[in-house]
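Listed below, chain by chain, are the residues.
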Amino acid sequence: MVEGSELKKVRSNSRIYQRYYLLDAGLQALCWEPSKKESDKARISLASIREVRTGRNTETFRTSGVYEQISEDTAFSIIYGEMYESLDLVANSAEVANIWVTGLRYVMQYGKHALDMLASSQDSLRLGWLEQLFCSAADSDRHEDAEEGIYLQSAVKLIQSVNPGVNSVKVEHRFKELQRVRERLCGLTLDNGSGVKDHSENKNPTGRIERVTKQEFIDVFHDFCTRPEIYFLLVQFSSNKEFLNTKDLMRFLEAEQGMAQVSEESSLKLIQSHEPSEEGRQQGYLSLDGFTSYLTSAECRLFDREHDTVCQDMSQPLSHYYINSSHNTYLIEDQFRGPSDISGYIRALKMGCRCVEVDIWDGPDEEPVVCTGHTLSPPLTLRCVLEAIERFAFVASQYPLIVCIENHCSLQQQKVMVQHLMRILGEMLYTDPADEEESYLPSPEALRHRILLKGKKSGPGWEGEDGEVSEEDEGAEMCQRMKAANSGGTASGGSEKDMVQKSVSSTAVTQCNPPHFPPKRFQLLKELSDLVTLCRSVRFIDFPTSSKSQKASEMCSFHESLAVRLAGESPGDFVNHNKHFLSRVYPNPMRIDSSNMNPQDLWKCGCQIVSMNFQTAGLMMDLNTAWFRQNGNCGYVLRPAIMRQEVSYFSADTRDTVPGVSPQLLHVKVISGQNLPKPRGSGAKGDVVDPYVYVEIHGIPADCTERRTRTITQNGDNPIFDESFEFQINLPELSVVRFVVLDDDFIGDDFIGQYSIPLECLQPGYRHVPLQSLTGEDLPHAKLFVHVALTNRRGGGKPHKRGLSVRKTRKGRDYTALRDLGVRAVDEVFKMAAPLLREATDLKENMQNSVAVFRELCGVSAVANLMQCVLALGARVAGPDGTPLLLFELRDHYPTLEPQGTLPDVLRRVVSTYEMMVQASRAVIELSDGIYDRILHIQATAMEFHENLQSLAAKEGLKGRKVSRALERFSWNITILKGQADLLKHAKAEVQENMKQVHDAALTGNLSKVGVEVRRVRSQSRRGQDEKPTVNIRGPTA
């Protein structure tokens, strides 16, 4: 900074000037050149700087026509002078911006003594701790004098004890480099003293050369254990720029990590858990190494620990859940020649699978066997399979296990099958007859520790005797295709491998139009039929037929291609079908290589059981594994509310916002990576890694997208990316975020690691992401460091006259419209809701717009919550004598912001904007309940027409497609009413949370009026350190 660097200066007229900025030698001013101003005016006194602000968060940036072209990570502003002027700058890289921001904050703290402080900063907590470490190692090496050094291997182990992921070869190489420098310096010293070089040290290379001195150890420790991105973060929150005291840490935990009920006592407890130095623990200081320890600990993982246990309502009907399901569970490789093994069942059940497949055929010695018919896969005895299921069925989950029986046995071996089922599974089998009058299946809670058999069942006309049913044979198509390939292959002398390849190559033709094979008929034993109760297999004809005749205890199995076609042609009908009935989707039988379909394509239609080949790793299995982690890995995940409500409008292929669901904005900043390994099998570049990161969103079509960082060349140890991305999520309940790290290469980018996580499980703030290998195992010590935030308002926007984000006024606001059905009585009811919906939208939008304006005037990004706004405000309201010009009066439910003297214009605007925000918030609190109740009353009144809607439409003269359209519009209107009522309810909760954040931040930032007895308010939407977990907590939202 003293030497200077080139930065771009942004002016309010959108012009950009390239200037050379530097600090003067006395650290008294920031200067720039060239400039048309006189040299004494092309400078800013450091004493006049009020704040160094990161990002594009000033009026100049927001009104600039180049706003969208400027990266949030390279922009920063210097606020200075009595009038709060801003110097808005853009660096060439995020690293340069970080250096300037950190350096200026350091200079603001220490002034002209900053360089002295930096020079002496190593004589701090870290230095004392490292000296203690070194002396302990010397004692272990049995050296009486630590000045002689410690053994090289002892020094390497010490470094690895602090940073386990560091490469020992690189550390040893660095030590030897320093030793060679020491050797040369030692030789020069002897040469200068006597005129004759003494080569005695070279004669004893195993002597002093193999020892590491204290200074060498400290230097290497700094090289391998100091993470600059964490240092920048520490300086941002540290009051003295060297360590975090309890108040600094408290502010960080509340404002950034979204924690509540944080006190100085709990902060001290955290310090004592993570601070390595004895001095730091005693004085309550968290050094850089302690801060690094905390940020890399389990407490700061990205996955919210509340989801490690069952946290969803398990008392709803079985059809309201996604169910973790395995396809041909007994196979552990491909579908045609791969071996069968009991380990397939054991592995799947241990992973939380709740639906396994058992294909049963006649075996030798009257013993049924499990295998895929028509293939070369060796069989397993049914008895061994059932014994494995009995042993491991409820190891990972207590909720019901569905065993899909594909029966191909003769009556004689079916009797043996029943004997095995009854003897081995015994009381775990659920055999109570289904209630034919019930519209829904029992809940997972009611079926705990029970096994449900899914299979064919004899019809009511076959009571008392065996009956003939159609056979289920999902492998028939593969058999037909393989026979065709076989005939072609044998004619030309092809090998078995060639036959498989020919068969696979023809799959593309059958994907869109799967061939229809008429089902065979076979005799079903009555005793076996009686064991099937809640999951009776029936053939799917079409949605109208299912709606009229299918019972809740009956379920259809869909060929992958058919399911995908139905999802495209009738997405709404598919969703409605799955509200009452279980649907199972199995992979295209021509996936001979055991590849997987994309489960998201079927989950978005509400399909509960999407069968996956657990033995095949990759993107699809990553999504499946991640998805079912969100509910304690119990194998059941509650579907989105809009897919469960009796009357609702949801189209699975929507590419727009979902009616009644508030879109969320996901902000992800990929900061850095740590200990990224060389890709397996990649030897062309040696140990060199050129990593980059993809951030992917998987969900409904409107949400699917991906963004990537730039490539960092030749750095897998600690590559710094510093890139921010923003994603609009229209259906958060169905979204999965995936981080993928790849190695940039000319030929093909190699896979390094990935981590997938449901959006609902994200913890906000600064988090580390543990990377996993292609097969799902954790990569030792390999992580990404990210910052995550969820908001419901988009920041920035196109230029605006007042310099604030573009916001729609009431006159130009978009209101959600209800649709006319063409049924007069029903339309009259819905028309009563129109003014209420407008009023609800106005209340919510006015409040959120006022918060956005206040946030911008506080100079924070759109990611920030109100606690961060108030804490940022506290840094710039100091008067000439150091006392704050603004204080909060906290007696009322709505904290008031009171001037403590004459205010400059910018602070007057802050006060007036805050008052507008409180006024809009108060309106939400006072009016929302009445509007909410009236909307729900209208919804209930409209629902009274639901059962007779078709006859009412007929009386109005509607026919055919017009009746279907009226039904669809009725569902749309009901969804809108319920959704808007819920959004208003959420807006009220948001206001309550906002006021609590203001209250807490005023106390934390010492901005509350003196003498007022107040106590900290507990923030309900953020988790305290010792608070009991609750369901679906996401952290602070703006």
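Look a little higher up for the structure.
Residues numbered from 1 in each chain as written. Predicted model: local features only at pLDDT ≥ 70, side-chain atom pairs only at ≥ 80, totals over all residues. Heavy atoms only, no water.

(A) Quick peek at the overall build of the chain. A count of helices and strands for the chain gives 31 helices and 34 strands. Taken over 1038 residues, the chain has a buried fraction of 54%. Here the chain displays about 45,500 Å² of accessible surface, and carbon together with sulfur accounts for 49% of that area. (Helix = DSSP H or I, 4+ residues; strand = E, 2+ residues; numbered from the N terminus. Buried < 20%, exposed > 50% of the residue type's maximum accessible area, 1.4 Å probe, protein only. Areas by Shrake-Rupley, 256 points an atom, 1.4 Å probe, with all protein chains shown as cover.)

(B) Spotlight on the nonpolar core. Val358, Ile389, Leu421, Leu425, Ile451, Phe574 and Phe650 are the most contacted members of the largest nonpolar core, which has 72 residues in total. In this view, isoleucine 389 contacts Tyr345, Leu349, Val356, Val358, Leu401, Leu425 and Ile451; residues no more than four positions away in its chain are not counted. Membership of the second largest hydrophobic core comes to 70 residues, among which are Ala864, Leu866, Tyr914 and Ile935. (Core = buried A, V, L, I, M, F, W, Y, C linked by side-chain atoms within 4.5 Å. Contact = heavy atoms within 4.5 Å.)

(C) Summary view of the pattern of salt bridges. The final tally for this structure, using the stated rule, is 33 salt bridges. Three or more residues are tied together by salt bridges with common partners; here these are Asp73, Lys669 and Asp722. (Salt bridge = Lys/Arg side-chain N within 4 Å of Asp/Glu carboxyl O.)

(D) Here's a closer look at the packing of helix α27 (residues 834-857) against helix α31 (residues 961-1004). In contact at an axis separation of 10 Å, α27 and α31 are set at 30° when each is read in the N-to-C sense. Between α27 and α31 the crossing geometry is left-handed. On the side of α27, the interface is formed by Leu837, Ala840, Thr841, Leu843, Lys844, Met847, Gln848 and Val851, while α31 contributes Ile976, Leu977, Gln980, Leu983, Leu984, Ala987, Glu990, Val991 and Asn994. Across the contact of α27 with α31, the residue classes break down as 11 nonpolar, 4 polar and 2 charged. (Axes fitted to C-alpha atoms, helices over the stretch in contact; angles between N-to-C directions. Left-handed = near helix turned anticlockwise from the far one by under 90°. Nonpolar A, V, L, I, M, F, W, Y, C, P; charged D, E, K, R; others polar.)

(E) Highlighting the layout of surface pockets. Reported here for the second largest pocket is a volume of approximately 1,500 Å³. Lining of the second largest pocket is provided by 39 residues; of these, Ser547, Asp573, Asn576, His946 and Leu967 occupy positions nearest its centre. Across the lining of the second largest pocket, the residue classes break down as 13 nonpolar, 15 polar and 11 charged. (1 Å grid on protein atoms, 1.4 Å probe; cavity = no way out; pocket = protein on both sides within 12 Å on 5 of 7 lines; lining within 4 Å. Points joined across faces, edges and corners; volume = space filled by probe spheres on them.)

(F) Structural view of unusual backbone geometry. Positive phi outside glycine occurs at glutamine 261, with the angle close to 55°. The exposure class of glutamine 261 is partly exposed, given its relative accessible area of 47%. With phi around 50°, aspartate 722 is a residue other than glycine that occupies positive phi space. Mapped onto the fold, aspartate 722 is located in strand β27 (residues 720-729).

(G) Quick look at the state of the cysteines. One pass over the full model with this rule turns up 0 disulfides. This cysteine, cysteine 858, is not joined by any disulfide, and cysteine 869 carries the nearest cysteine sulfur, 4.7 Å off. (Disulfide = S-S within 2.5 Å.)

(H) A look at the pairing of strand β11 (residues 321-326). Counted residue by residue, β11 has 6 buried out of 6 residues, so it is predominantly covered. The side-chain alternation of β11 yields two buried faces, one formed by Tyr321, Ile323 and Ser325 and the other by Tyr322, Asn324 and Ser326. Pairing analysis gives 3 bridges linking β11 to strand β23 (residues 636-638), with the strands arranged antiparallel. Along β23, the bridge assignment pairs tyrosine 321 with leucine 638. Pairing between β11 and strand β22 (residues 609-612): 4 bridges, direction parallel. Considered in β22, the bridge of serine 326 is made with methionine 612. (Pairing = 2+ DSSP bridges.)

(I) Expanded view of the sheet that holds strand β1 (residues 5-10). Taken together, 7 strands build an open sheet; the order of strands is β4-β3-β2-β1-β7-β6-β5 and the sheet is antiparallel. A single partner strand is all that each edge strand has here, and the edge strands are β4 (43-45) and β5 (49-54). Neighbour to neighbour, the strand axes of the sheet diverge by 30° on average, direction disregarded. Looking at chain direction, strand β6 (residues 75-80) and strand β7 (residues 85-90) are connected through 6 bridges and run antiparallel. Counterpart to phenylalanine 76 in the pairing with β7 is leucine 89.

The quantities given are spatial measurements derived from coordinates; they are silent on function.
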